[in-house]
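Observations on the model geometry
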Amino acid sequence: MDFSFTEEQTSFRMKLRAWLKDNLPSRKTLRYDSPGSMERTEDFRKDWERKLFEAGYAVVHWPKEHGGQGLSATYNLIVSEELGRIAAPEPFNTAGTETAGPLLMAAGTEAQQSALLRKIAGAEDIWCQGFTEPEAGSDLASLKTRAVQDADGWIINGRKIWTSHAHVANWCCLLARTDPEAPTKRAMTVFIVPMSAPGIMVRPLNQLNGRAEFNEILFENVRVPADNHIGAVHDGWRVATEAVARERALIRLYRQARFQNEFEHIFRAALVRRTRTGRFADDGHFRQQAADIYGMLRIFRVQNLRLLSRLEAGEQIGAEASFLRLLWSEARQKIGHLGLDVLGDDCGTEDEESIGAGRFQDIYFMSRADTIFAGTAQIQRNIVAERILGLPR
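This is a predicted model, so every value here is computed, not measured.

Moving on, we get to the nonpolar core. Leu20, Trp48, Trp127 and Val190 are the most contacted members of the largest nonpolar core, which has 42 residues in total. Elements with a contribution of two residues or more to this core: helix 1 (7-23), helix 2 (38-55), helix 3 (73-85), helix 4 (94-107), helix 5 (110-121), strand 4 (171-177), strand 5 (188-194) and helix 6 (236-242). Setting aside its immediate chain neighbours within four residues, Trp127 contacts Asn93, Ala95, Gly96, Ala100, Leu116, Ile120, Ala169, Trp171, Cys172, Cys173 and Ile192. Grouped together as the second largest cluster of nonpolar side chains are 29 residues, Phe263, Ile266, Trp328 and Phe360 included.

Pasting the structure below:
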């Protein structure tokens, strides 16, 4: 298999690298965050995402009529690698670009696509994903949020949780049960729900890192128009699982180079501390942990390239995305743990002397959830075991 890039792709990478050099804000730390409140940081990230869109570097693999550049998924990887390489601001409108956008392109009407997709691409509209519920996380098939049809449209009642950015979202991509008697695969529908609709209450959830980016959403007799569903009524399970299969192999491309950046930062910090204190000079545990992470990151990149090659050959990506999901979530936890081990008391600071160490306290806290959300590590292992390795249930 050829993992090399074409001359055109290399030229694209160099142009992007030059653009980033000219357009990123200056900083001395490992991350690009605006100082101050969470709200200011969110605005900063949204503004950066819009700037990428205006320059033609957002969702480059989307069709031009929907705000992209009509390029192959490999170009999306290149953008992700270059952004991660320099720890550029992380994407903000991920529920829009990773879930709602692909769903709309796969199953939405022309009117829905025309009205919504370009605003997603340019972060003009922010989306949240209403799938997970308090009793339906990894077992999404057991969700209880109901949508009942009447003469005027749909009435939605229920509760969603761990919903990123719901407190600032314009729209929610909602999965609800529309036929309580039918089997799971014929019982659900995907809805487009405006977050301004009466009857929606958003409750922020405080996180270990002191922020409240996740939320609980309560829907009480929320009305949406009759045609505000993506795909056919009762076909939401297929739409939600099959239509985003391709994107599941793409959604974490940016993590690959970003994790590499973080790992290299830890390694440099360890060398500095070895020079100053002698620590890590003969630390076998550190060397073993570093080798494990390095190996995982190399596998991560090769697997990304392998899946991209298959996608561009027109193949479908299914259960293999679970292996990639498991790989990056466990790699992130190892990076967070090693970062705290190396940086020690400096992990909670963010200045030039500590070499941007404050980033790793946040990484450590957030990585605790990486093997839980979007399907636990146990669920991912079951998928790999049963659907890839052919092991019994």
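Turning our attention to the side chain of Asp125. With respect to the secondary-structure elements, Asp125 resides in the loop between helix 5 and strand 1 (127-130). Beyond its immediate sequence surroundings of up to four residues, Asp125 is in contact with Asn93, Lys119, Ile120, Asn170 and Trp171.

Moving on, we come to the packing of helix 3 against helix 9 (residues 284-312). Packed helices, taken two at a time, are described by the angle between their axes plus the distance between the axes. The geometry of helix 3 relative to helix 9 is characterised by a closest axis approach of 9 Å and an angle of 155° between their N-to-C directions. Taken together, the axis directions place helix 3 and helix 9 in an arrangement best described as roughly antiparallel. From helix 3, Ala73, Thr74, Leu77 and Glu81 reach across to helix 9, where they touch Arg301, Leu305, Leu308 and Glu312. Here the contact of helix 3 with helix 9 is composed, by residue class, of 4 nonpolar, 1 polar and 3 charged.

For the rest of this paragraph, the subject is the packing of aromatic side chains. Where two aromatic rings form a pair, the distance of their centres and the angle of their planes describe that pair. Scanning the entire structure with this criterion turns up 11 aromatic pairs. Between the aromatic rings of Trp154 and Phe191, the centroid separation amounts to 5.1 Å while the plane-to-plane angle is 65°, which identifies the pairing as edge-to-face. Here Trp154 is found in strand 3 (residues 153-160), whereas its partner Phe191 is found in strand 5, with 37 residues between them in sequence. In this pair, the class of Trp154 matches that of Phe191, namely buried. A centroid spacing of 5.9 Å and a plane angle of 35° characterise the contact between Phe267 and Phe286, whose relative ring orientation is tilted. A residue pair is termed long-range when its members are at least 10 positions apart, and Phe267 in helix 8 (residues 253-277) and Phe286 in helix 9 qualify at 19 residues. Residue class for Phe286 comes out buried when judged on its relative accessible area of 6%. Three or more aromatic residues joined by ring pairs make a cluster, and in this case those are Phe12, Trp19, Trp48, Tyr57 and Tyr75. Sitting over the face of the ring of Tyr364, Arg368 holds its NZ or CZ atom 4.7 Å from the ring centroid.

Right, let's talk about the packing of helix 1 against helix 3 for a bit. Across the interface, helix 1 lies against helix 3 with an axial gap of 10 Å and an inter-helix angle of 35°. For helix 1 against helix 3, the interelement crossing comes out right-handed. The residues of helix 3 that touch helix 1, namely those facing Glu8, Gln9, Phe12, Arg13, Leu16, Arg17 and Leu20, are Thr74, Tyr75, Ile78, Val79, Glu81, Glu82, Leu83 and Arg85. Classifying every residue of the contact of helix 1 with helix 3 gives 7 nonpolar, 2 polar and 6 charged.

Considering all chains together, one arrives at 15 salt bridges under this definition. A salt bridge links Asp150 to Arg223; the shortest N-O distance between them is 2.6 Å. Of this pair, Asp150 sits in strand 2 (residues 146-150) while Arg223 sits in strand 7 (residues 214-224), and the two are 73 residues apart along the sequence. As a salt-bridge pair, Glu330 and Arg381 come within 2.4 Å of each other at their nearest N and O atoms. On the criterion of sequence distance, the pair formed by Glu330 in helix 10 (residues 320-343) and Arg381 in helix 12 (residues 377-388) is long-range, its members being 51 residues apart. When its relative accessible area of 25% is taken as the criterion, Glu330 is described as partly exposed. Taken together, the shared-partner salt bridges in this structure form one network comprising Arg13, Arg17, Glu81, Glu82, Arg85 and Arg301.

A word on helix 5. Taking 1.5 Å of rise per residue, the 12 residues of helix 5 would be expected to cover 16 Å, and the 16 Å separating its terminal C-alpha atoms lies within 8% of that figure. For helix 5, the set of buried residues is Gln112, Gln113, Leu116, Leu117, Ile120 and Ala121. For helix 5, the angular spread of buried residues about the axis comes to 125°, placing them on one side. Turned more than 90 degrees off the buried face of helix 5, the exposed positions are Ala111 and Ser114. One or two steps after helix 5, the chain reaches Ala123, where phi turns positive at roughly 55°.

This part is about the state of the cysteines. Following the criterion strictly, the structure yields 0 disulfides and no others. Cys128 takes part in no disulfide bond, and the closest cysteine sulfur to it belongs to Cys172, at a distance of 3.8 Å.

Our focus in this paragraph is the confidence of the model for the protein. Overall, the prediction assigns the protein a mean pLDDT of 84, with 85% of residues at 70 or greater. Across residues 351-355, where pLDDT falls below 50, the model places 11 contacts with residues more than four positions away in sequence or in other chains.

Calculation criteria
Residues numbered from 1 in each chain as written. Predicted model: local features only at pLDDT ≥ 70, side-chain atom pairs only at ≥ 80, totals over all residues. Heavy atoms only, no water. Core = buried A, V, L, I, M, F, W, Y, C linked by side-chain atoms within 4.5 Å. Buried < 20%, exposed > 50% of the residue type's maximum accessible area, 1.4 Å probe, protein only. Helix = DSSP H or I, 4+ residues; strand = E, 2+ residues; numbered from the N terminus. Contact = heavy atoms within 4.5 Å. Axes fitted to C-alpha atoms, helices over the stretch in contact; angles between N-to-C directions. Parallel < 35°, antiparallel > 145°, perpendicular 65-115°, else oblique. Nonpolar A, V, L, I, M, F, W, Y, C, P; charged D, E, K, R; others polar. Phe/Tyr/Trp six-rings, centres within 6.5 Å; stacked < 30°, edge-to-face > 60°. Lys NZ or Arg CZ within 6 Å of the ring centre and 35° of its normal. Left-handed = near helix turned anticlockwise from the far one by under 90°. Salt bridge = Lys/Arg side-chain N within 4 Å of Asp/Glu carboxyl O. Expected span 1.5 Å × (residues − 1). Arc of directions from axis to C-beta. Disulfide = S-S within 2.5 Å. pLDDT = per-residue confidence, 0-100.

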